[in-house]
Amino acid sequence: MSKADTYTIEQISEIVGGKVVLFDKEVMIKNLVIDSRTLINAPNALFFAIKAQRNGHQFIANAYQNGIRNFVVSEDINYEKYPETNWIKVGDVLSALQRLATYHRSAHQLEVIGITGSNGKTIVKEWLYQLLSADYNVVRSPKSYNSQLGVPLSVWQINDSHNLGIFEAGISTTGEMKQLASIIQPSIGILTNIREAHDEGFTNKVEKLREKLQLFEGVQTFIYSPEYILAEVALPGKQKFTWSFSQPADLQILEVSNEGTNTVLKAEYAEEQIGIIIPFTDAAAIENTVICWATLLAMGYETEEAAFRLSKLVKVGMRLQLINGIDHCSLIDDSYSADISSLSIALDFLNQQNQHAKRTLILSDLHETGKSADELYQEISILLKQKKINRLVGIGEQITAHQHLFEIEKSFFNDTSDFLAQVGQHNFNNETILIKGARKFGFEQVVKRLAQKVHDTVLEVNLNALLANLQFYKAKLAPGVKTMAMVKAFSYGSGSFEIANLLQYHKVDYLAVAYVDEGIALRKAGISLPIMVMSPEPSAFDAMLRYQLEPEIYSLEVLQSFLHFLPEQVSHFPIHIKLDTGMHRLGFELQQIKELASLLKTEKLKVVSIFTHLVATDDEQHDEFTKLQVSKYEEMYGVLTSSLAYQPIKHVLNTSGISRWPNYQFDMVRVGIGLYGFDAALAKGELQTVAALKTTVSQIKQLQPNETVGYGRRGSLPNGGQIATVKIGYADGYSRAFGNGVGKMLVDGELVPTVGSICMDMCMLDVTGLDVAVGDEVIVFNEEHSIVDLAKEIHTIPYEILTNVSQRVKRVYYYE
Ligand SMILES: *Cc1c(COP(=O)(O)O)cnc(C)c1O
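Here the residue numbering is sequential within each chain, running from 1 through the sequence in written order. The predicted nature of this model means local features are confined to residues of pLDDT at least 70 and side-chain atom pairs, given and counted, to a pLDDT of 80 or more, with totals for whole chains, interfaces and linings taken over all residues. Think of the side-chain values as coming from all heavy atoms in the structure, minus any hydrogens and water.

Looking up the protein chain in an unreviewed UniProt entry gives the name Alanine racemase, with the organism given as Pedobacter xixiisoli. Listed under Pathway (unreviewed entry) in UniProt, the entry text for the protein chain is "Amino-acid biosynthesis; D-alanine biosynthesis; D-alanine from L-alanine: step 1/1." UniProt positions are given in the numbering used here, feature names are shortened, and annotations may be inferred rather than shown by experiment. UniProt's Function (unreviewed entry) comment on the protein chain is quoted here verbatim: "Catalyzes the interconversion of L-alanine and D-alanine. May also act on other amino acids."

Shown next, in the form of structure tokens:
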């Protein structure tokens, strides 16, 4: 970084305003952080105590402990508690961050492409980076940092060596874009498209479009499709460049044809016919490519050069995938890109994994503009120390040349094939391995070598969506209300420690499982949160003690046998009391409370919580019953605690209860199916889809009229046709009830019915008239063909569909 790119804390205080208490006003600020755990270079970092889902002020002590000495806050802080620190106190911390980013942006002269729209922002940004980085030193948003917080952090990365910025902006409601526009200050504007996504925050389409277009008020060139524009909205930009699939435009697509795995596009541009061939076939990728094509032409690239570059585009894997590796390893696949900001994100994810004690990074040479190789690898070395990485495997000549900078277990290879040739002797065992490399190193091969062979049916679990759902419910809670996350039945079929790890990292207060085994598995994977076990079998009491698992006590018998079992020296062992207020499944009833109370007057136990389960929180019809249950609960709680010297945690609400009964939150809520994207009390679209079940085609057959399919000749296509055999059957959890056309799957974008009975390991689909080949992906359920639809097809509930997916189906977790 040159001089213009560093600020002292004093300069920053002048830029953002506010009151200052400075210990050392000359401290240089290099990094801005908003999470007390994500640290690069702590002494030169400035912590912004943002009030979002959680109040950043609560993490100041933690940040201090991690070495941070510079803070921007809006609440009163006892500065004395933190020796040798600098403080800037402002009215609103987020605005201060945005002001600083705006200032930083204004201090740099460079071309900036600003991107907004409903879909495709991140892909278009990454592709433009691929297309333009040969000619420019590009700075861009990491991943999809496009929010009120993400944009300022993205823009802060600009330094004097950059001559092109590519930033995306996403908004969810009116009034937000103006702010982002002043931070990004784009000179070229791209509107990708306008779709239904995130419509809730706007009263109508005109309002939504106007809001988005505010990003482009000052641009030289505005690139868009008239298909997404409404007549009553004025358009920004001194110049315009249009593209369209259906109407006259600067770049008008005339023909789209599929050739195997490629797509050929023909278009008219500047009164000439031009064309490109691209290595994708899906509609979204085609639209995103056309947007990039229009951008290249608008920036003055020759048509041939544009076509050449577009033909080389590579699919962007935006995801960090967590997959099972060989020899008891877990792999995080981030094999498509390598720069320091995404490395830092990936290392955070690695750091969150607790299932193996050892954390390993396989890293290629990095390229980072504006930094010398010495500085770069020095910084990486510090980063590895902070993120507690135990082992480094470096691949590439540059990283090998800098191996002396790393003070951990390490080995180096000049290139990927060297590594692959020696990987046999290079033992990986029982470790979590992050694989991260620049594209030219071809790290897909490393992933392939180290990954366990995946059965062709996989359940993909989107951890970001799960997190968004958690935050959705947390936002509904009154201050101080705790969260217990229900991870029973392998997290409703979605995984086990992978999900518990995420929940632990994001600070839920409690976990609950059904059986002791599930609790032990979580402990073995490094989960340290308190865990409640709902069916504590006496044969496993011993294990509960050893693994610090807390039983749910639901009857006098269970209580007596637990008391009997507890060794002499144990005192205050945590338990949870379940009351039956109308479910009539497990739990104490009113007439037993007196006896229960007298048994609980022992030093051996500590009642951590007292709870009940409500039977119909989602159903208006039973609202009177719900109220009755809660009043019974309160009465029983009162009697029970009148003889205890303390007040155990009170909790009654499940997922739909949180949505519908805000005044019954008491001290804690228990969120279950909502985390996984379902809540009978909510409209579709309020939660994010977490799980997708995918399989593949093993064979295609042509059927004559009157031929039959499967056991008992139950399937037939009266007019003949084409069937596809796919690799999922009832042993994988695809119920036999889906047979004979009841169930449907998505093939090539079309919903097609099953034919004949579902077999144990496979089933057949009617794919007559579709372009399907062996090996093609088939979607059993995802966002579009939802579990809710499947549940309706066979008259059950989403819970059952999800938990039925058998353990032999591999889970793949990803994190964006
Ligand atoms: C499973 C369960 C929950 C969670 O219910 P959801 O409807 O999935 O939110 C809450 N409490 C108890 C006691 C449960 O068994």
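Trainee: Help me understand the nonpolar core in this model?
Mentor: General note: in soluble globular proteins, nonpolar side chains tend to be found buried as a group. Residue types Ala, Val, Leu, Ile, Met, Phe, Trp, Tyr and Cys, when buried and joined through side-chain atoms within 4.5 Å, form a set referred to as a nonpolar core. Each residue gets one of three labels from its accessible area relative to the maximum for its type: buried under 20%, exposed over 50%, partly exposed in between, using a 1.4 Å probe on protein chains only. Counting 163 residues, the largest nonpolar core has Ile 362, Leu 511, Ile 577 and Phe 781 as its most contacted members. Ignoring anything within four residues of it in the chain, the contact list for Phe 781 reads Leu 459, Ala 691, Ala 692, Leu 693, Ser 786, Ile 787, Leu 790, Ile 801, Leu 802 and Val 805. Of all hydrophobic cores here, the second largest spans 68 residues; its members include Ile 115, Trp 127, Ile 171 and Ile 291. The contact rule is simple, with two residues in contact once any of their heavy atoms fall within 4.5 Å.

Trainee: For this particular structure, what's the right way to read a nonpolar patch on the surface?
Mentor: Residues enter patches when they are more than 30% accessible in relative terms and free of salt bridges; like-charged ones are connected within 9 Å and nonpolar ones (Val, Leu, Ile, Met, Phe, Trp, Tyr) within 5 Å. Every accessible area reported is derived by Shrake-Rupley at a probe size of 1.4 Å, with residue values counting cover from the shown protein chains alone. By convention in these notes, a salt bridge is any Lys or Arg side-chain nitrogen within 4 Å of a carboxyl oxygen on Asp or Glu. Among the surface-exposed residues, Met 583, Val 615, Phe 625 and Leu 628 lie close enough to one another that they form a single nonpolar patch of about 310 Å² accessible area. Counting from the N terminus, the helices are the DSSP runs of H or I reaching at least four residues and the strands are the DSSP runs of E reaching at least two. Along the chain, Leu 628 turns up in helix α22 (residues 623–642).

Trainee: What exactly am I supposed to notice about the UniProt feature "active site" (unreviewed entry) in the protein chain here?
Mentor: Sequence positions flagged by UniProt for "active site" (unreviewed entry) are, in local numbering, Lys 488 and Tyr 711. On the basis of their most widely separated C-alpha atoms, the annotated residues across 224 residues do not gather in one place, lying as much as 35.8 Å apart. Inspection of the secondary structure assignment puts Lys 488 in helix α16 (residues 488–492). We classify Lys 488 as partly exposed; its relative accessible area is 26%. Setting aside anything within four residues of it in sequence, one finds Lys 488 in contact with Ala 512, Val 513, Ala 514, Glu 518 and Met 534.

Trainee: Help me understand the side chain of Ser 491, please; the structure alone is not making it clear to me.
Mentor: Turning to its location among the elements, Ser 491 is positioned in helix α16. In this structure Ser 491 comes out as buried when scored by relative accessible area, which is 1%. Discounting chain neighbours no more than four positions away, the residues touching Ser 491 are Ser 496, Ile 499 and Tyr 676.

Trainee: I keep staring at the UniProt feature "binding site: substrate" (unreviewed entry) in the protein chain and nothing clicks. Help me out?
Mentor: Following the UniProt record, the feature "binding site: substrate" (unreviewed entry) maps to Arg 585 and Met 760 here. Spanning 176 residues, the named residues are also spread out in space, since their farthest C-alpha pair is 33.2 Å apart. Its place among the elements puts Arg 585 in the loop between β28 (573–579) and α21 (593–599). The contacts of Met 760, once residues within four sequence positions are left out, are Gly 729, Tyr 730, Ala 731, Asp 732 and Arg 808.

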